[in-house]
Amino acid sequence: MQRAERLLDMIQSLRRRRRPVTAETLASELDVSVRTVYRDIAALVRQGVPVRGEAGIGYVLDAGFDLPPLMLSPDEIEAVLVGMRWLGERADPVLARAAEDVVSKIAAVLPPHLRPILLDGALFAPAYGRDAPVDQVDVAAVRAAIRQGRKLEVRYRDESGQDTQRMIWPIGMTFYDRVRIVIAWCELRQDFRHFRTDRITDLVAREERYPARRADLFRRWQKEEEARCLADASRRQEAERLDEAQRRTTAPSTSAARPAATSANAIG
């Protein structure tokens, strides 16, 4: 790897982190020695890159520093291409159109020799067409409420077809192949709940903000999901253990099936 390329990779590694990263971690990622990391950090500082920190503690890149968009590598361009094509097939119409705009904006600033990777790329995301569930409400309004920390009043139809009126605090959204799930605190259930967007039959965006920071709620949801997953795994392991114990108890004994022949041989 050329030094210029390594320096760009180091900036990118620092930029993706919010907390200080040690020289040992950077050395492992870049496949160089710790001494080389120290030299490269010093070179970046001399060139005006706002890196703060010191050996033994870690380094952090100050907010506001950025690289020009022309510095995308071919792998990064293909990552953008696949991501935008994936969104184009699975997102709501507004977000799908935004994905197309992202591709156009990036293409406008790419050098000519890299532009075909984006515009004529051969990496695709599968399309499901008409069999995918259809949303009945404007999902862009849900995403706006997530960004703004505002409440949503929704009418939701569950898997059995029962309708309920809910006031929810949307904190995130998960995109699956065929459906989209809103992660939210539900005032009715006083707990976190997941709502499929295609089962929301009516939606009113409220001006009222919910009384908590979205990031704090999201971290709390993550911890509860992790605990739930661990509990589910523990229950599965216990069920498998009981099944195995039951099979051993009910299985016919091999030694019990052969005593007569053994006894006859002994007597004879």
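The structure contained in this document is the topic of the report that follows. These numbers were taken from a predicted model, which means no experiment stands behind them.

This paragraph deals with the sheet that holds strand β4 (residues 163–175). One open sheet holds the five strands; their spatial order is β6-β5-β4-β3-β7, and the pairing between them is antiparallel. One side of each edge strand has no neighbouring strand; the edge strands of this open sheet are β6 (191–196) and β7 (200–209). The average undirected angle you get between the axes of adjacent strands in this sheet is 40°. With seven bridges joining them, β4 and strand β5 (residues 180–186) adopt antiparallel strand pairing. Directly across from P170, in β5, lies its bridge partner A184. In this fold helix α7 (residues 139–148) packs onto β3 (150–157), β4, β5 and β7, with an angle of close to 75° to the strand it touches most, β4.

Take T164: it is sitting in strand β4. Of the polar contacts made by the side chain of T164, one reaches the side chain of R166; its length is 2.8 Å. Leaving out residues up to four positions away in the same chain, T164 has contacts with V154, R155 and Y156.

Packing of helix α4 (residues 74–90) against helix α5 (residues 93–109) brings their axes to within 8 Å, and their N-to-C directions diverge by 155°. Put simply, α4 runs roughly antiparallel to α5. For the element pair α4 and α5, the recorded crossing hand is left-handed. Mapping the contact onto sequence places V80, M84, L87 and G88 in α4 and L95, A96, A99, V102, V103 and I106 in α5. Across the contact of α4 with α5, the residue classes break down as nine nonpolar, one polar and no charged.

Moving on to the pattern of salt bridges. Pairing between side chains of opposite charge can happen when their charged atoms approach one another. Counting across every chain of the model gives 22 salt bridges. Between D163 and R157 there is a salt bridge, and its shortest N-O distance comes to 2.9 Å. Accessibility expressed as a relative area gives 32% for D163, which makes it partly exposed. For R157, a relative accessible area of 37% puts it in the partly exposed group. In this structure, the salt-bridge partner of R220 is E224, at a minimum N-O distance of 3.4 Å. With R220 and E224 both in helix α8 (residues 214–250), this residue pair falls four residues apart, about one helical turn.

Conventions used here
- Residues numbered from 1 in each chain as written.
- Predicted model: local features only at pLDDT ≥ 70, side-chain atom pairs only at ≥ 80, totals over all residues.
- Heavy atoms only, no water.
- Pairing = 2+ DSSP bridges.
- Helix = DSSP H or I, 4+ residues; strand = E, 2+ residues; numbered from the N terminus.
- Axes fitted to C-alpha atoms, helices over the stretch in contact; angles between N-to-C directions.
- Contact = heavy atoms within 4.5 Å.
- Polar contact = N/O pair within 3.5 Å; in protein donor to acceptor, adjacent residues only side chain to side chain.
- Parallel < 35°, antiparallel > 145°, perpendicular 65-115°, else oblique.
- Left-handed = near helix turned anticlockwise from the far one by under 90°.
- Nonpolar A, V, L, I, M, F, W, Y, C, P; charged D, E, K, R; others polar.
- Salt bridge = Lys/Arg side-chain N within 4 Å of Asp/Glu carboxyl O.
- Buried < 20%, exposed > 50% of the residue type's maximum accessible area, 1.4 Å probe, protein only.

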